Amino acid sequence: MKIEILTIFPEIFSGFLSSSLIKKGIQKEDLSISFTNFRSFAEPPHNKVDDTPYGGGAGMVMKPEPIVAAIESAKKKLPDAKVILLSPSGEPFTQHKAKKLSSLPELILLCGRYEGIDQRAIDLVVDEEISIGDYVLMGGEIPAMALIEAVTRLIPGILGNEESILHESFADGLLEAPHYTRPAEFRGAGVPEVLLSGDHKEIKLWRAEQGLKLTQSRRPDLYSKKDVQKKGS
Ligand SMILES: C[S@@+](CC[C@H](N)C(=O)[O-])C[C@H]1O[C@@H](n2cnc3c(N)ncnc32)[C@H](O)[C@@H]1O
């Protein structure tokens, strides 16, 4: 997958790109991530990307010209890319959405700052808006990283153990069962007997039951969905 990130703070991504599986994905060329700083599309000498809001009010708004010019330039590199704006008013991001995006060959991610982006630029060049949760961050860079991790780990070849994707939280609409590893006793606490039994059928059943219980107590919204109740009954 090729990803172009539009941001005025590309340096925020440096640790993210040079660590862990994202770094490996880039080295293996399963993944390519590059940046467009839309400040370089703003008018010199000051290259100002923001201005005061029409109608008054607090904060600054990102000007439409540099955003649209930057997207048009990014589109020349990635002509088939879907343009996604990270925004608190976007569609809530889910595992299902991550799965859908993981099949795309190219993505352009637009990171806002200040109070957000002039609506005319959004209307002209953005295909969809995604929110990573009901809270407001300072910019779209952390949401872009969250999206990249969730999406790219679903691309074949990026994770070391792809089987883990099949059984993890949200894969079947439920939360995952708790995990345990050595030692068998830690500060007086043991491990559920069934996990030491070697009986794989029983372990599978136990995990399914635990996932269901956890979902029921912590995420009644997920549990109450029809298909989840069917699986659990
Ligand atoms: C300070 S926020 C702007 C918030 C905006 N005034 C509002 O009330 O919705 C600046 C930028 O951070 C990003 N951002 C903040 N929270 C986000 C979230 N929950 N999901 C996705 N992007 C977010 C967006 O790109 C946004 O344009």
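To start, this report covers the structure provided alongside it. Residue numbers here run from 1 along each chain, matching the order of that chain's written sequence. It should be noted that, the model being predicted, local features are given only for residues of pLDDT at least 70 and side-chain atom pairs only at 80 or more, the latter also being counted only at that level, while totals for whole chains, interfaces and linings use all residues. With hydrogens and water excluded, all non-hydrogen atoms of the structure serve as input to the side-chain values.

Attention now moves to the overall build of the protein chain. Secondary structure elements follow DSSP: runs of H or I no shorter than four residues count as helices, runs of E no shorter than two count as strands, and numbering proceeds from the N terminus. Helix and strand counts for the protein chain come out as eleven helices and seven strands. Taken over 233 residues, the protein chain has a buried fraction of 38%. Looking at the protein chain alone, contacts between residues at least 24 apart form 74% of all its contacts between residues at least 6 apart. By element, 54% of the accessible surface of the protein chain is carried by carbon and sulfur atoms, the whole surface being about 14,200 Å². Across the protein chain, 29 positive and 33 negative side-chain charges occur, with their mean positions spaced 4 Å apart. Per-residue accessibility, obtained with a 1.4 Å probe over protein chains only, is compared with the maximum for each type, and a residue is labelled buried under 20%, exposed over 50%, and partly exposed between these values. Note on definitions: a residue-residue contact is assigned when non-hydrogen atoms from the two residues lie within 4.5 Å. Only the protein chains shown count as cover for residues, with accessible areas throughout obtained via the Shrake-Rupley method and a probe of 1.4 Å. When charges are counted, Lys and Arg contribute as positive and Asp and Glu as negative, whereas His and the chain ends are disregarded. For charged residues, the charge sits on one atom: NZ in Lys, CZ in Arg, CG in Asp, CD in Glu.

Lining residues are defined by having an atom within 4 Å of a point belonging to a cavity or pocket. Those points lie on a 1 Å grid over the protein atoms alone, cavities being sets where a 1.4 Å probe fits but cannot get out and pockets being open sets with protein on both sides within 12 Å along at least five of seven lines. Grid points are joined across faces, edges and corners, and a volume is the space filled by probe spheres set on the points. Roughly 710 Å³ of volume is contained in the largest pocket. Residue lining of the largest pocket: 25 residues in total, with His167, Asp172, Lys204, Arg207 and Ala208 positioned closest to the centre. Every element with two or more residues in the lining of the largest pocket is listed here: helix H7 (163-167), helix H9 (200-218) and helix H11 (226-232). It is H9 that provides the largest number of residues to the lining of the largest pocket, a total of nine residues. Here the residues of the lining of the largest pocket sort into ten nonpolar, six polar and nine charged. Residue type decides the class: Asp, Glu, Lys and Arg count as charged, Ala, Val, Leu, Ile, Met, Phe, Trp, Tyr, Cys and Pro as nonpolar, and the leftover types, Gly among them, as polar.

Before going further, it helps to examine the side chain of asparagine 47. As for its placement among the helices and strands, asparagine 47 is situated in the loop between strand E2 (32-36) and strand E3 (50-51). Within the structure, asparagine 47 has its side chain in polar contact with the backbone oxygen of arginine 39 (distance 3.1 Å). By the criterion applied in these results, polar contacts are pairs of N or O atoms within 3.5 Å in which, for protein atoms, one can donate a hydrogen and the other can accept it, and in which residues neighboring in sequence qualify only through two side-chain atoms.

Residue proximity to a molecule or strand is established when one non-hydrogen atom of the residue lies within 4 Å of it. The environment of the ligand is formed by 19 residues, the closest being Leu86, Gly112, Glu115, Tyr135 and Leu137. The contact in question runs from an oxygen atom of the ligand to an N or O atom on the backbone of leucine 86, over 2.6 Å. The separation between a nitrogen atom of the ligand and a polar main-chain atom of isoleucine 132 is 3.1 Å. Alone, the ligand offers 590 Å² of accessible surface; in the complex the protein occludes 81% of this. Elements represented by at least two residues in the shell around the ligand include exactly strand E5 (82-92) and strand E7 (128-131).

So, about the sheet that holds E5. Hydrogen bonds between backbone groups are what pair the strands of a sheet, and the pairing can be parallel or antiparallel. Strand pairing requires that DSSP identify at least two bridges connecting the strands. Read across the sheet, five strands follow the order E2-E1-E6-E5-E7 without closing on themselves; strand pairing throughout is parallel. Whereas interior strands pair on both sides, the edge strands pair on one side only; in this sheet they are E2 and E7. When the angles between neighbouring strand axes are averaged without regard to direction, this sheet yields 35°. Relative to E7, E5 is paired through five bridges, and the arrangement is parallel. Among the inter-strand pairings, leucine 85 is bridged to a residue of E7, identified as glutamate 129. Axes here mean lines fitted to C-alpha atoms, for a helix over just the part in contact, with angles spanning 0 to 180 degrees between N-to-C directions. Helix H6 (residues 141-152) rests against strand E1 (2-6), E2, E5, strand E6 (106-111) and E7 of the sheet, and its axis sits at about 160° to E6.

Together, Tyr135, Leu137 and Ile142 make up an exposed nonpolar region whose accessible area comes to about 290 Å². Mapped onto the fold, leucine 137 is located in the loop between E7 and H6. Two joining distances apply to patches: 9 Å for like charges and 5 Å for nonpolar side chains (Val, Leu, Ile, Met, Phe, Trp, Tyr), and every residue must have over 30% relative accessible area and no salt bridge. In the sections that follow, a salt bridge refers to a side-chain nitrogen of Lys or Arg positioned within 4 Å of a carboxyl oxygen of Asp or Glu.

Now for the pattern of salt bridges. Going through the model one piece at a time under the given rule, you end up with ten salt bridges. Glutamate 65 is the salt-bridge partner of lysine 63, the closest N and O atoms lying 3.8 Å from each other. Its relative accessible area of 22% is what places lysine 63 among the partly exposed residues. Classification of glutamate 65 as partly exposed rests on a relative accessible area of 48%. The partner of glutamate 141 in a salt bridge is arginine 113, and the shortest N-O contact between them spans 2.9 Å. Of this pair, glutamate 141 sits in helix H6 while arginine 113 is found in the loop between E6 and helix H5 (119-125), placing the two residues 28 residues apart along the sequence. Residue glutamate 141 is classed as buried on the basis of its relative accessible area of 1%. Residues joined in a network through salt bridges with shared partners are Lys82, Glu91, Lys97 and Glu128.

The values reported here are purely geometric and, on their own, carry no functional implication.
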